[in-house]
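Here is how the chains run, residue by residue.
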Amino acid sequence: MPLTSSDVKRIAHLARIEITEAETEHTLGQLNGIFKLIEQLQSVDTTGIEPMSHPLGGGQRLREDVAIDHPDRDAIMKNAPASQDGLFLVPRVIE
Amino acid sequence: MNWEVVIGLETHAQLSTQSKIFSGASTAFGAAPNTQASVIDVALPGSLPVLNKGAVERAIRFGLAIGATINRRSIFARKNYFYPDLPKGYQISQFEIPVVQGGKIAIVSPTRGEIAIQLTRAHLEEDAGKSLHEDFHGMSGIDLNRAGTPLLEIVSEPEMSSADEAVAYAKALHSLVRWIDICDGNMQEGSFRCDANVSVRRPGAPLGTRREIKNLNSFRFLQQAIEYEIKWQIETLEDGGKIQQATVLFDPDSGQTRVMRLKEDAHDYRYFPDPDLLPLELSDEWLEEVQAHMPLLQEEVSGKFMNEYDLTPYQARTLTSSRELAEYFESAARDSDSKVAQLCANWISGNLSAQLNEEDLDISQSRISAVQLRGLAERIADGTISGKMAKEVFDVMWAGEGSADEIIERKGLKQISDAGAIGKIVDTVIAANAQQVADYKAGKEKAFNSLVGQVMKASQGKANPGQVNEILKKKLG
Amino acid sequence: MFEKSVADLGRALAAKQVSAVELAKLYLERIERHKQLNAFLDVRPDVTLAQARDADARIARGDATPLTGVPVAHKDIFVTRDFASTASSRMLKGYMSPFDATVVEKLGLAGMVTLGKLNCDEFAMGSSNENSYYGNVLNPWDKTAVPGGSSGGSAAAVAARIAPAATATDTGGSIREPAAFSGITGIKPTYGRASRWGMIAFASSLDQAGIMTASAEDAALIFNGMLGFDPKDSTSVDRAGEDYTRSLNHSVKGLRIGVPKEFFGEGLQPDVEKAVREALAEYVRQGAVLVDISLPNAALGIPVYYVIAPAECSSNLSRFDGVRYGHRAAHYGDLDDMIKKSRAEGFGPEPRRRILIGAYVLSHGYYDAYYIQAQKVRRIIADEFQQAFRQCDIIAGPVTTSVAFGFGEKAADPVAMYLSDLYTIPGSLAGIPGMSIPCGFGAKNRPVGLQLMSNYFEEAKLLGVAHQYQQATDWHMRLPPGAKS
């Protein structure tokens, strides 16, 4: 089931990647090539097979509830594109 | 024609852990911006989550308390969306398989009496950070201290039919999460907040289109927002309009709700199991261990109070409004007779509560200990002091001046209950007030009260008023 | 000295025949001399020499490990405090991490000296290293050929001996394929053996760190310092530490080597097949037994991989929004526009493409058909390996269908490029250990790799099997002509 350019625009918006008209068409061609490959999966009978999320089984390991991490704000914020008074700055957030 | 209201609540309870759900940073409220945001909370490249046992344990406690199914295997998923206060670009939450499923909360509805509200589920997830809108040259500031704070999202079935019921449910839930010690319940700090799904329909008709009111952080706002929303939806429909599915915000200043986004712009969250986390598996041993450490629940304690101390259902409910209060009462009333227990109950819900309210303290900060209060009740019960004197003792005790016995002794407040001593005072008063005695004998009841007053005055208020009445009457013939 | 193995360098250091500082200087000079390869993205001699001095002090104190003072370079997917960590992306240009990846930290604790950070495909996405924002890496054997990817810088650095060892990561073949193309030894361990803490995530359920060296013996030595349980990574396997060198000298006599018929089908180039068959014949000479096995659905590994890896990457790369770190567009309208432009500018074409595929397969209405179905087929493929390991001890075959291709040959066609990982993806999906060792030369004198795979947690056996081959052959000792000085 080939994608359309409106699919490409929709997923580009979902993924928050700006895409021009020209790029949309080019990307559409490439994605359809890849999806042709992916479509091979549809013919596989997977009845009764458990999806595999992890290579190894087992359960989640838990951490004791202790506040042992004392973050160094300067180190953590040193790569910020814009900051002030210990805050990351972004274009105005409208709620 | 009537309208039927259908309300379901989604409540976010911040779990009272020391550290965050996936990082070792502190969850303490009020720190300087971004000083409690670890490399994991800021989602620096290469950081990975590790689940906090304390958060899981609190979810289990909740499940046990509401009689829910606790899934032995639950899955953490990623809910993908972009927002500047969501550092990873996804929220780790539970989607298809939550840790807690089902269960119920008992409430008292003003119209339907005692009912149970069924819960759909409760799942673990992480909180987001905060956007601060003060003006930074037209920019917003992002503080990620709250990011990664553990939340239990508790989802009810749409079973409430009025704002009153929704508030009763929210209050019951609020009191429960504090009772089992999984959430501090501080609504001002956002530790307990509700989203309300509201729709209306004609009786018997299929469910109407719902609108979701987001982020209500007080019971009053919950009440007002739902009432406004119901009124607005009914008016819209009666005017021939249609309700569009939407997410709305409540503005406390105008008392109105306004649309934040319509369903058409609803997010496509692209949930999938988080590959950084394995399935959460709970062993029978752990569940048993958590169960063994569960406190008696509110209804259980309230029933016990009625049985053991002969409290009325109302008294019992009042004294179990929080675990601290119930524990205070229990340590005051333990092993005492029913008279002392009753007095303790009355003094706690009366004078003590009033005093705490006045000074904005909670029971754990009371200046009068349970043992002190019991001492006071005992002296009232055995007639050592009158009710009026007790109030004085209470005030002095509040001021930190010792036990009831010490205060009574020091202030000479002991009641005179010796008939001989009272008789002597009565004789003196009769001798000195011939006119009033005559008036009384002539049938003037008022004169008797005046004589009682004279006796009390002469005894400096210490004479047992009951005895004064009795002896005076006898002596006047 | 630069022709020596890691094991020999360790011995020379311990015997004080050379100091860590001398060694560091030697390699820094070689890095400079072979700059044209574009293998390194960040080199800081002051940092390297300070670490070397520490190593010398440690050797002098007598508390050295066999790795103390031996230089190593890290793929730029591992975050480091002392070097920029870019994932070869414009998105992270100049990014300085406040912490070290566990792998980096562990090798540092063992005393290895960091030479710098190595070029790779952007966010480890690619099979030719043509997807780096910082330019192509050249194959030291033939500078018109790609070194393979995504760990192209690691492979080229070891091939040219400008680093005796280099860390690398493998998601669908990113260690084995470049090792094969560049004529060196590369191994990925069982998923969960190497901590992922500090590895910039591409596809979390597949990403696994490994090592590139000249020989299997060197890889085993480094694994001793590099692998192990890490409580900071929830998918890290909690098992006792082990000595990965313990089976190096085990004979392969009686070893059952499974040869999957699907790895010798259509598409395999004759030059590669010839070299691989000769390598298998060498094992037979040493007493191993070849067993015909089948991995019937191995070919479906590619479509499975191109659903699962993009799905995970689309989510893993969402954190790059220009808010807290990373590229922020210079010109934008509102917040949403800032994020969209920053991501469009910061990511190259391949990450953008994979993010879009991932967003699509996870989106409403397609999730079951694509993502769940892919996870189910992933299990079928993993189960087929378990079937196979009932008949054999080790699986062997080619790493790639052809020797290294030329620059630009596949760059325009993503599907053709994706097919280069046909033989490596199935093992990645299963999460089993896999390695590539040099086994000769094919067309245009470009290297050929032999792929060896073992069952979970059998790295020591795998390394032993590889070592036995390398005891009888010298492919792994050969140097590209340009690297001899």
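## Comments concerning the pairing of strand β11 (residues 139-143) of chain B
Next up, step 1: Within β11 of chain B, 5 of the 5 residues are buried, which leaves the element mostly enclosed by the surrounding structure.
Next up, step 2: The two faces of β11 of chain B match: M139, G141 and D143 of chain B on one face and S140 and I142 of chain B on the other face are all buried.
Next up, step 3: Pairing of strand β3 (residues 87-91) of chain A with β11 of chain B, which is carried by 4 bridges, proceeds in the antiparallel orientation. Its bridge partner lying in β11 of chain B, L89 of chain A is registered against G141 of chain B.

## Some thoughts on unusual backbone geometry
Next up, step 1: In the segment running from G149 of chain C into S150 of chain C, the intervening peptide bond is cis, with an omega of 5 degrees.
Next up, step 2: Topologically, S150 of chain C is positioned in the loop between β3 (113-118) and α5 (152-159).
Next up, step 3: The backbone phi angle of D310 of chain B is positive, close to 55 degrees, even though this residue is not glycine.
Next up, step 4: A relative accessible area of 48% places D310 of chain B in the partly exposed class.
Next up, step 5: In this structure, N38 of chain C takes a positive phi of about 60 degrees despite not being glycine.
Next up, step 6: Within the secondary structure, N38 of chain C sits in the loop between α2 (20-33) and β1 (40-42).

## Remarks on the interface of chain A and chain C
By a widely used convention, the size of an interface equals the accessible area lost when the partners come together.
Next up, step 1: Facing the 49 residues of chain A at the interface are 71 residues of chain C.
Next up, step 2: Here chain A packs against chain C, burying approximately 5100 Å² in sum over the two surfaces, 68% of which is carbon and sulfur.
Next up, step 3: Considering only the surface of chain A that becomes buried against chain C, L41, M52 and R61 of chain A emerge as the three largest contributors, covering 14% of it.
Next up, step 4: Between R16 of chain A and D336 of chain C there is a salt bridge, with its nearest N and O atoms 3.0 Å apart.
Next up, step 5: Linking chain A with chain C are 21 residue pairs in polar contact (both at pLDDT 80 or more), by the criterion used here.
Next up, step 6: When residues of the side of chain A that touches chain C are traced back to their parent elements, those giving at least two are α1 (5-14), α2 (21-38) and β3 of chain A.
Next up, step 7: The leading source of residues in the side of chain A that touches chain C is α2 of chain A, at 8 residues.
Next up, step 8: Considered class by class, the residues forming the side of chain A that touches chain C number 28 nonpolar, 11 polar and 10 charged.

## Considerations on the state of the cysteines
Next up, step 1: As enumerated under the stated definition, the model contains 0 disulfides over all chains in all.
Next up, step 2: A disulfide-free cysteine, C194 of chain B has its sulfur positioned 10 Å from the sulfur of C183 of chain B, the nearest such atom.
Next up, step 3: Here C313 of chain C is not cross-linked by a disulfide; its sulfur's nearest cysteine counterpart is in C120 of chain C, at 14 Å.

## With respect to the domain arrangement of chain B
All names here are of chain B.
Next up, step 1: Along its sequence, chain B is carved into domain 1 (10-196 + 261-286), domain 2 (296-411) and domain 3 (419-476).
Next up, step 2: Taking only C-alpha atoms into account, the centre of domain 1 sits 37 Å from that of domain 2.
Next up, step 3: Listed per partner, the contact involves 8 residues of domain 1 and 9 residues of domain 2.
Next up, step 4: The contact between domain 1 and domain 2 buries some 710 Å² in all, and 56% of this surface belongs to carbon and sulfur atoms.
Next up, step 5: Interface area lost by domain 1 to domain 2 is led by S175, R178 and W179, which between them contribute 74%.
Next up, step 6: At the boundary of domain 1 and domain 2, one finds 0 salt bridges.
Next up, step 7: On the surface where domain 1 and domain 2 come into contact, there are 3 residue pairs in polar contact (both at pLDDT 80 or more).
Next up, step 8: It is helix α2 (residues 163-179) that provides the largest number of residues to the side of domain 1 that touches domain 2, a total of 4 residues.
Next up, step 9: By residue class, the composition of the side of domain 1 that touches domain 2 is 4 nonpolar, 1 polar and 3 charged.

Reading guide: rules and limits
- Residues numbered from 1 in each chain as written.
- Chains lettered and ligands numbered in written order.
- Predicted model: local features only at pLDDT ≥ 70, side-chain atom pairs only at ≥ 80, totals over all residues.
- Heavy atoms only, no water.
- Buried < 20%, exposed > 50% of the residue type's maximum accessible area, 1.4 Å probe, protein only.
- Helix = DSSP H or I, 4+ residues; strand = E, 2+ residues; numbered from the N terminus.
- Pairing = 2+ DSSP bridges.
- Contact = heavy atoms within 4.5 Å.
- Buried area = accessible area lost by both parts, 1.4 Å probe.
- Salt bridge = Lys/Arg side-chain N within 4 Å of Asp/Glu carboxyl O.
- Polar contact = N/O pair within 3.5 Å; in protein donor to acceptor, adjacent residues only side chain to side chain.
- Nonpolar A, V, L, I, M, F, W, Y, C, P; charged D, E, K, R; others polar.
- Disulfide = S-S within 2.5 Å.
- Domains from an automatic or database assignment.

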